[in-house]
Amino acid sequence: MKKILLLVTFALLCSVGMAQQERFLVFDFMKVADDMENDYWVTETFYEKIHEQRLKDGEILGWDLWSLKPGGSEQGYQYLTVTIYDDPVKAMANGDTFAAAKKAYPNMSDEELKAELKESVGSRELSKRIFMKVVAATDDDFKMEVGTVMRMNFMEAIEGKFDEYEKAEMELFLPIHQKRVDAKTMSHWSLARVLMPSGSSVRMTHMTFDMFEGYLHYFDAYGRNEVFNVDEETQGKIDEAIKLRDLNWSYIGIMKKTVK
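It should be emphasised that the depicted structure is a prediction, and the values quoted were computed from it without experimental measurement.

K.L.:
Would you explain the sheet that holds strand β8 (residues 245-259) in this entry?
P.N.:
Sheet strands pair by backbone hydrogen bonding; their relative direction is either parallel or antiparallel. Taken in spatial order, the 8 strands of this closed barrel run β1-β3-β2-β8-β5-β7-β6-β4, and their pairing is antiparallel. If you compare each strand with its neighbour and ignore which way they point, the axes differ by 35° on average. Taken together, the 7 bridges between strand β5 (residues 149-157) and strand β7 (residues 206-212) define a ladder with antiparallel strand orientation. Paired with Asn153 across the strands is Thr208, a residue of β7.

Take a look at the structure:
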């Protein structure tokens, strides 16, 4: 039932009226072999200019490249690209990359562009693509720059507890994270609902994101254990809320490139 509800939710979100002030994210997780690191960097540098053109054309709101930790060859993914949209239709369509490339590289022939785009595929393997909608976020003016550290948490709401889990994130955890942001021990927090993929084998319904200015900011916050510095009553509520979901995996990402 939960998976059906996710599909219905996605269909409802595709109305133009609802999409105007919302944010939709496309996460592309990349596998990059150790001997392809330099080639992959060249690939993303090439695509960076294309994404700048897509931003100028109003197709996207932004694009980021993140290096993931842990990121060894046995860990699954080494890099992540995030493309930001204000419309779920645009997010699903993914745009006309070749048309944007022609504008971004006007001095290259069609044949040269096609060859470059084809060659770029060999530098990495697109292992997972996730479509999400941001449903809650702290009130802040944080601007993500190169060097920003992000902790990504892959969450799976317990079957039958989908709405309760989202309510707990919004009514319990969001105010806690807002206090952390106000105290400058964290820069930003947000919750995203996974729209696609869905199905019984998908071990993720949501993702949460903790943002920090850099590694020192991140380790200072977690090193002092201020994340759990709450009163006894609130801690009891947190303990109950945690039972509403499984935290299946976490990654640390550091921003390497950004287009805004």
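K.L.:
Looking at this structure, how should I read the pairing of β8?
P.N.:
Within a regular strand, side chains alternate between the sheet's two faces. The sheet contact formed by strand β2 (residues 62-69) and β8 spans 7 bridges and is antiparallel. Paired with Trp66 across the bridge in β8 is Met255. The sheet contact formed by β5 and β8 spans 9 bridges and is antiparallel. The residue bridging Met155 from the neighbouring strand is Leu247, located in β8.

K.L.:
Looking at this structure, how should I read the packing of helix α7 (residues 162-182) against helix α9 (residues 232-242)?
P.N.:
Packed helix pairs are characterised by how far apart their axes lie and by the angle those axes make with each other. Running from amino to carboxyl end, α7 crosses α9 at an angle of 135°, the nearest separation of the two axes being 11 Å. The angle between the axes of α7 and α9 places the two elements in the oblique class. Here α7 runs over α9; the crossing is left-handed. Residues Ala168, Leu172, Phe173 and Ile176 of α7 pack against Thr234, Lys237, Ile238 and Ala241 of α9. For the contact of α7 with α9, a count of residues per class yields 6 nonpolar, 1 polar and 1 charged.

Cut-offs applied
Residues numbered from 1 in each chain as written. Predicted model: local features only at pLDDT ≥ 70, side-chain atom pairs only at ≥ 80, totals over all residues. Heavy atoms only, no water. Pairing = 2+ DSSP bridges. Helix = DSSP H or I, 4+ residues; strand = E, 2+ residues; numbered from the N terminus. Axes fitted to C-alpha atoms, helices over the stretch in contact; angles between N-to-C directions. Parallel < 35°, antiparallel > 145°, perpendicular 65-115°, else oblique. Left-handed = near helix turned anticlockwise from the far one by under 90°. Contact = heavy atoms within 4.5 Å. Nonpolar A, V, L, I, M, F, W, Y, C, P; charged D, E, K, R; others polar.

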